[in-house]
Amino acid sequence: NMTQSLHPAAKRGFSASAELYQQVRPDYPAEISQWLSETLALPADAHLLDLGSGTGKFIPYLRPLSKHIIAIDPVPEMLAQLQQAHPDIHALEGVSHQLPLPDHSLNAVFCAQSFHWFADSATLQELDRVLKPQGYLVLIWNQRDTRIDWVQALADCIAPLEGDTPRYHSGTWREVFAQQTLFQPYAETTMTQQQHGSVEQVVSKRLLSTSFIAAMPEQQQAQLKQQFEQIIQQYTAKSAEEMIDFPYVTHIYVFKKSN
């Protein structure tokens, strides 16, 4: 079973909330495709993999780079959402350390909002296998911009609930690159963006799509939703149906295969 090795928060949370995830997760900055295009300088017929693709939120940003795009994710409910939104994309169920792909078949692998789930040496060895010489591994994360007071207050509210769930902000994903010679850092950048919508949509429901929250019983989720909306009310005086801009910082890291 593909989902056997999945962290329980991912397995429960992402299968239960795949539709919510598709609806409420922010997109990526529009200029990301341009930056990737200039940084990677891929051939026109490049073969790309969206690994841990989820519902396919990053697919639109890969389309300008090539028409050969494969998506792989371990959660079938996520892939069902992806296929609805992108019926032309070849989507496969799979895990990062056992990719159903031939050796040296890819020019680049993209992990948008996913690498922290599988940041281990088995994954890097497998990526080394499927990537062509000089191929790229690109890691992308949308992070809530905690420089804003109410965003920090929401983060403080959620932090105690994380438990041992792998997260980007813990920084442990970096450790896997310290003990290896397969991939070298090549480029990195950050971009900012805002997700515009009602408080309920871009704050409450967005936070409810977080793996370890989506895995909780409904009653607990309802209490949290109320808590999130109280924080917004307290800091911005906005009610659940009023419009708000949720600020994000997008982090992009490019690694290049050593040979």
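Heads up: the structure comes first, above all this text.
In what follows, the accompanying structure is described. (Residues numbered from 1 in each chain as written. Predicted model: local features only at pLDDT ≥ 70, side-chain atom pairs only at ≥ 80, totals over all residues. Heavy atoms only, no water.)

Let us now look at the environment of Thr250. Tracing the chain through its elements places Thr250 in strand S7 (residues 243-257). By relative accessible area, which is 0% here, Thr250 ends up buried. Here the alpha-carbon distance between Thr250 and Pro29, two residues 221 residues apart in the chain, equals 7.6 Å. Excluding residues that lie within four positions of it along the chain, Thr250 makes contacts with Tyr28, Pro29, Ile32, Ile140, Trp141, Asn142, Thr189, Thr190, Met191 and Gln193. (Helix = DSSP H or I, 4+ residues; strand = E, 2+ residues; numbered from the N terminus. Buried < 20%, exposed > 50% of the residue type's maximum accessible area, 1.4 Å probe, protein only. Contact = heavy atoms within 4.5 Å.)

Running from N to C, helix H9 (residues 199-208) and helix H11 (residues 218-236) cross one another at 135°; their axes reach a closest spacing of 10 Å. In terms of axis orientation, H9 runs oblique to H11. As H9 packs across H11, the resulting crossing turns out to be right-handed. Only Gln221, Lys225, Phe228, Glu229 and Ile232 of H11 make contact with H9, whose side of the interface consists of Val199, Glu200, Val203, Ser204, Leu207 and Leu208. When the residues that make up the contact of H9 with H11 are grouped by side-chain class, the tally is six nonpolar, two polar and three charged. (Axes fitted to C-alpha atoms, helices over the stretch in contact; angles between N-to-C directions. Parallel < 35°, antiparallel > 145°, perpendicular 65-115°, else oblique. Left-handed = near helix turned anticlockwise from the far one by under 90°. Nonpolar A, V, L, I, M, F, W, Y, C, P; charged D, E, K, R; others polar.)

Here we come to helix H5 (residues 76-85). Every buried residue of H5 is accounted for by Met78, Leu79, Gln81 and Leu82. Each buried residue of H5 lies within a common arc of 155° when the element is viewed along its axis, so the set occupies one face. (Arc of directions from axis to C-beta.)

Here we come to the environment of Gly163. You can see Gly163 is positioned in the loop between helix H7 (149-158) and helix H8 (175-178). Accessibility expressed as a relative area gives 66% for Gly163, which makes it exposed. Between the C-alpha atom of Gly163 and that of Phe212, which follows or precedes it by 49 residues, the distance is 8.4 Å.

It is worth stressing that arrangement in space is one thing and function is another; only the former is reported here.
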